[in-house]
Amino acid sequence: KNGQELPKSPRFMIGQYVSVHSEVISHVNISHAMVEDGGLYTCTAKNRAGQAVHSARLNVYGPPHVHDIPDIKAVVGKPVEVLCPASGYPLDQITWAKDGVEITSDGKMKVFRNGSLVISTVSSTDAGDYSCTASSRQGQASSKSTKLRVIVPPKIQNPGTVERSLMLDQRTSLLCSLIEGDEPITMNWLKDGTNISRSMDAEVNFVGHDSILRINKLSESHIGNYTCRASNLAGTASISFYVEVKVPPTWIQAPTSQSAVEGQTVSFHCRIKGVPEPAVRWTVKSDGDESTYSLAGLSRRSEDIQIMENGTLVLWRATLRNEGEYSCTAENGVGDSISKTVNLKINAPPRFMMEREGILSVHQGKKVELECRATGDDPVSISWSKGGIELGVEPGRTSITVIRDVEHVSSKYEIESARQTDSGRYECQAFNPFGKSYYHIQLQIWEPPESPENLTLSSVTSRSARVSWTISQTKPKIERFVVEWKKQHESWELSAEDKTLYGQVNEALISGLRPALLYQVRVFAENELGRSKEGRVLQFITDGERPEGTVRNIRISSMSPTELQVMWDQPDQELSHGTIIRYNIGVREFGLESSYLFYDVDRYHWDRTRHRFRLRRLKKFSKYEIVVQAVNRHGEGPLSDIVVGQTMEAAPEDPPERVSCQPLSSTGVHLKWRAPPRSSWNGQIRGYRVLYVPFPGRDEVPARQNTARLSAVIGTTTTLSGLAPFTNYSVQVLAYTAAGEGKFSPPVTCATEEDVAGPPRSIKVVVSGLNSVVVSWLPPLHTNGNIRKYRIYVREIHFGREKSHTKYDRPPSSDSYDINGLRPGTQHQFWVTALTNKGEGRSSQIVTKTPTNNPAPQITSIGWEMFQVWRSSVYLPCRHVGSPPPVTRWYFQGSEANWVNQASTYGTSQLSIESARSEDTGNYTCIIENGETLDTISYTLRVQVIPRPPVIRVHRVTSNSITLRWTNGDIGNSPILGYRIRYKITYGEWLEKQVSFYAEEDTLDDLYCGRQYHMVMYQSNYVGESGASQIINTKTVGEKPSPPPSKDFLVVNSTLAILLLESWNQESCPVLYFVIEYKLSADNTWTVVTNNLEIQDTYSIRGLAQSTAYDLKVTAHNHAGSATRTYQFVTLDSLGSPTSLRGGLANVLTGLGLRATLSILVSVLCLVFASLGVCFCIRKKQVSKRPGRYDEIPKSSTMENRHNLEQQFYATVQRKTPALTPFSSGYEVDTIEQLKKAVRSKVEKIPETASDISPYATSNLQTLPVGARSTLARNETLRLTDYPRPGDTHPRSRPQDGGRRGTIGTGGTLRRNTEGGGGNHRHRRGYSESEEYDSDSDSRTESSNQLDQDKFNPLRYRTQFNL
């Protein structure tokens, strides 16, 4: 209390407890409250994280009482605040006096209403006796005194400049002089932040208020910063000096003489110390020359010499020219310089005089002589070795001779009679104390017989091979043949197998081989002299088989919530049984017994042993079983073991359900909900966020700042506390995972319970007679509930004390009350309270009045700010009392309001407006006068109308979202209750989104990339909704697909073309699907491979003809549009080599010659013009009659031909015509008139029959072009397709094959039933914004049917394409 602990008294009891909401509540109970118990009470809460403080004042009715005030200490120049610990209530004023003189709030001393005395800047003159006096209106007073002592902090005089040219062994002293400061003062010295010790050979003397630091003999250890520090109770002062001692150069590390081998790095250290830093200089005398080097520069430039920062000289590659004397000299201008000279000796290692490795061939039994010569510093020694073993002398067979000349040393190794074992690599090694050198000689010993020749492969299977050879006649004759074979990567010595054949044979059968492996085979002939040399090594590959092994090291990586990347290593080569040409990746949801959905991936990086494939459009945060199967030319291998992968987490798709709330108190509600459906979690829910915000009141203008609060919750229940009483709150809940936040639930309204009301906003008491008054009031600003009644209190005061107490209750609709029967001439106090179901609220201000006779005229009504809905009636009262009765006048915005209805009776004047309008908003003033103005009141009327439209702007744009911000403008004197956004894509339907009233921006999600959007906004208040804002247009991020170059897109071999579809994709606007067509370059008919291929890594077109030129047309579609590119490629020949094409139209024309070619071209042009003329004449004569109408019946022969043709092929080949889409040339118009013409021309050409519908509806069957048989991957009839946005996760349904493989080559995605079942039903898909196709029909199209009903209306089309 009052900054001190509570007194220890049995009347004071302190307690605390923990509530059900984990809130610690502490309280102080005071029994038998006394006047001295009043004062400022402070509650402090502490924990390890910090503390919080709350203060409140307790007033106890009674006479003034001032508690004892302790003495005060203040520092000169600092502020000080003293609180007068006064109690008693009510207090009229609190005053302060210094030395008996009252202090006024001016200058640096200020006295505040709460009794605080503040001195902004203390000086020595402020010391003295201070007294605090508290007094009441009744003249009672209490006073206490205290002493203020002023303390002056120390201050040190600046000594000026300190001598800096100090030498070793000199003396110096530092003076620290105090010029100000109150005792006691402590002074001490520090060096480099540490107290000065006795070991520093320094002494400190104190003379009066001066401190002197003396150093009798300076040394290097005395260099540094010295600080003198003085301190007392008021503060600390310090001053610093820097002492520098000059020291001549001395050695830290002197250079020494060295010897080194040529090519080594040599370092001469020359480390010097001194103050200031000495300069180092090197002088080098070598090879008859003298050079000087220093850090500042070199007297002679050298690439192999460098001076380091510490003075060290470095020779990076020492040579014979560097041998000589090296001198290091250092000086710093203090004392004499120092210098030292050392020597460098360079030693040379041995070197051989021969440059190339020696090769020597000798017949078996002949003499061999090997020689090597070397130079270098003595002593040089030479030794011989073979195969890492040192050779010695074998008496009678080998010898070693060494000859030493002046310039070199030579050595000879002699073998008297060469053997086969003597062949090999000989090493001559020369060495001395400074290094080694090596020289090699390859010795070959020849021996019979001749090796077999013409080794060829006669036949080969997957497990065996037959080889044959020829051999020339030799003497003695060959006794046997040895056939050896091994795998290519194995060693002949360790892993080769052999087979011995006796007699004169010329072929052998090798069995026990492995499929599709590369083998090496060799044949030796043997006679009585030994085995022949190794002849030709024959390599061959065994035939392949289906893979026997599975892929290895399958790894699954999660790339996104809808994508998994599968990586694997190819099977062991010995188990592949051939080159792996393709991999099949099967995927299905974890735990399901359904068949795998297979993706086949052709191999095109033949040098890679590790492969990968990305699975797209998977379910979010779902597990998948994945298998991989290797395929070679001979068939499919076994499935790998199942590997399970899981996609990444994503934000929940659905909001929490069944959000409900229950009020707990006037400031808290209990909230509960259920988690979103399990299927929409997309991960593990980490928790929930609760957004709650109070609804604005009808008269809350301007609206409060954004009061929305967000609370994080772990479970599915929470308690919201600290809310406003009797208030409706909008509550929304969202769930979040590690990946992000989900959607908010629909708003739920929660209301808190009632509480006691706040004080009435205003009270007015007017004397109306000798014993009567009129009390008027305004309702509380915060009613906190339904007002049940008002209570008026009247207290009679006699000589400063209460004599009587009366209260009156009035209904909640009343705003004034006439009180009679008061004692004339006596002072009375009046106040008003409001009562709710929770009890009586806080009181209004207390007004004191004394009834008198003949009071002056005065207005009893209270003016206030009034909100009224437009077109409603408005009544403004102006009641008054007093005599003689005054005249009443009304003014609007300063001018007399004669245009409004005014009604006046005795004591009352009322202004009324029958139907309020916006123009009626303003200030209304009531004046009573009787020759002169006697009294006035003013009303502020705000007529609530429909708001003006908001002003919106685009804040941020991404590929799939647009963020809008807005400003409200004129809100019509009523708070905004919500916003409504309408938006649409060009040529699309309007969509609508509701936005909460507290929002400042909003993001439109799930938009299409690269498309134009149009947005308009409305805002609503309590009166109604505004009109539409200005339409704004913006485009989401993204462009049409960008075709890659051919080298990045196509991989071609002899019968296969691999399309790298991933090179088309764009991050900002991903590709939705592809349309792929191809044809022979010499043909004009395109063959549709697939017309709705979803994005994947690769796609293959198989079954192509070898050495053939093809044209490939690829069309990629995304939401921003489509892009088409035509590629040309030529398949390889059977050997996998590029082909130069023969034949073709260009070569034919070249062979005919120029004259024949021109004749053919002229004939063709004449025929074309003649055909066009005939067609034009026929069309003009038969405009109304068109062949191929729906009412014509084809001939029976034609029907039979069609039936036979349909039975001829396994798949249907379709011919595609581009569709009329918003991105095609049919709609690329700049004006409305051009648009109507384009639409009218299209409508006139509406097909009448299903066979006329193009594109992609039903096409005529086409025979395959020559050389293009079996080239279709899969033929799929186009359906209306609704491709998902990049966030969609469910994989699309695909056609199924009844068997394990298709009869025609496959590419892309193929669904196969591993259990042998399957069907070919294809699900119908929805509508896509990127392509607007017509659907199939049995007879007439929907377009023609609609045309029959509505005919053609150009305005419809104008509305369709214009906003």
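Residues numbered from 1 in each chain as written. Predicted model: local features only at pLDDT ≥ 70, side-chain atom pairs only at ≥ 80, totals over all residues. Heavy atoms only, no water.

**Things to note about a nonpolar patch on the surface**
Part 1 of the reasoning: On the surface, a cluster of nonpolar side chains totalling about 580 Å² of accessible area is made up of Ile 1160, Val 1164, Leu 1165, Val 1168, Phe 1169 and Leu 1172.
Part 2 of the reasoning: Inspection of the secondary structure puts Val 1164 in helix 5 (residues 1154–1181).
Part 3 of the reasoning: Residue classification places Val 1164 among the partly exposed positions, given a relative accessible area of 46%. (Patch = residues over 30% accessible without salt bridge, like charges linked within 9 Å, V, L, I, M, F, W, Y side chains within 5 Å. Areas by Shrake-Rupley, 256 points an atom, 1.4 Å probe, with all protein chains shown as cover. Salt bridge = Lys/Arg side-chain N within 4 Å of Asp/Glu carboxyl O. Helix = DSSP H or I, 4+ residues; strand = E, 2+ residues; numbered from the N terminus. Buried < 20%, exposed > 50% of the residue type's maximum accessible area, 1.4 Å probe, protein only.)

**Topic: the pattern of salt bridges**
Close approach of charged atoms allows side chains with opposite charge to pair.
Part 1 of the reasoning: According to the stated counting rule, one finds 53 salt bridges in the structure shown.
Part 2 of the reasoning: Between Glu 484 and Arg 531 there is a salt bridge, with its nearest N and O atoms 3.5 Å apart. Remark: Arg 531 occurs in strand 49 (residues 530–531) and Glu 484 occurs in strand 45 (residues 480–487); sequence separation between them is 47 residues.
Part 3 of the reasoning: Judged by its relative accessible area of 10%, Glu 484 falls in the buried class.
Part 4 of the reasoning: Notably, a salt bridge pairs Arg 514 with Glu 548, separated by 3.8 Å at the nearest N-O pair. Of this pair, Arg 514 sits in the loop between strand 47 (507–510) and strand 48 (518–527) while Glu 548 sits in the loop between strand 50 (538–541) and strand 51 (552–560); the two residues are 34 residues apart in sequence, bridging distant segments of the chain.
Part 5 of the reasoning: Overall, Glu 548 belongs to the partly exposed group, its relative accessible area being 45%.
Part 6 of the reasoning: Through salt bridges with shared partners, a single network forms among Glu 479, Arg 480, Glu 484, Arg 522, Glu 526, Arg 531 and Glu 534.

**Here's the deal with the sheet that holds strand 11 (residues 109–111)**
Part 1 of the reasoning: As summarised here, the arrangement of the three strands in space is 7-12-11, forming an open sheet in which the pairing is antiparallel. The strands lining the two open edges of the sheet, one partner per strand, are strand 7 (80–83) and strand 11. The sheet shows a mean angle of 15° between the axes of neighbouring strands, taken without regard to direction.
Part 2 of the reasoning: Examined bridge by bridge, strand 7 and strand 12 (residues 116–119) share four bridges and lie antiparallel to one another. The residue bridging Val 82 from the neighbouring strand is Leu 117, located in strand 12. (Pairing = 2+ DSSP bridges. Axes fitted to C-alpha atoms, helices over the stretch in contact; angles between N-to-C directions.)

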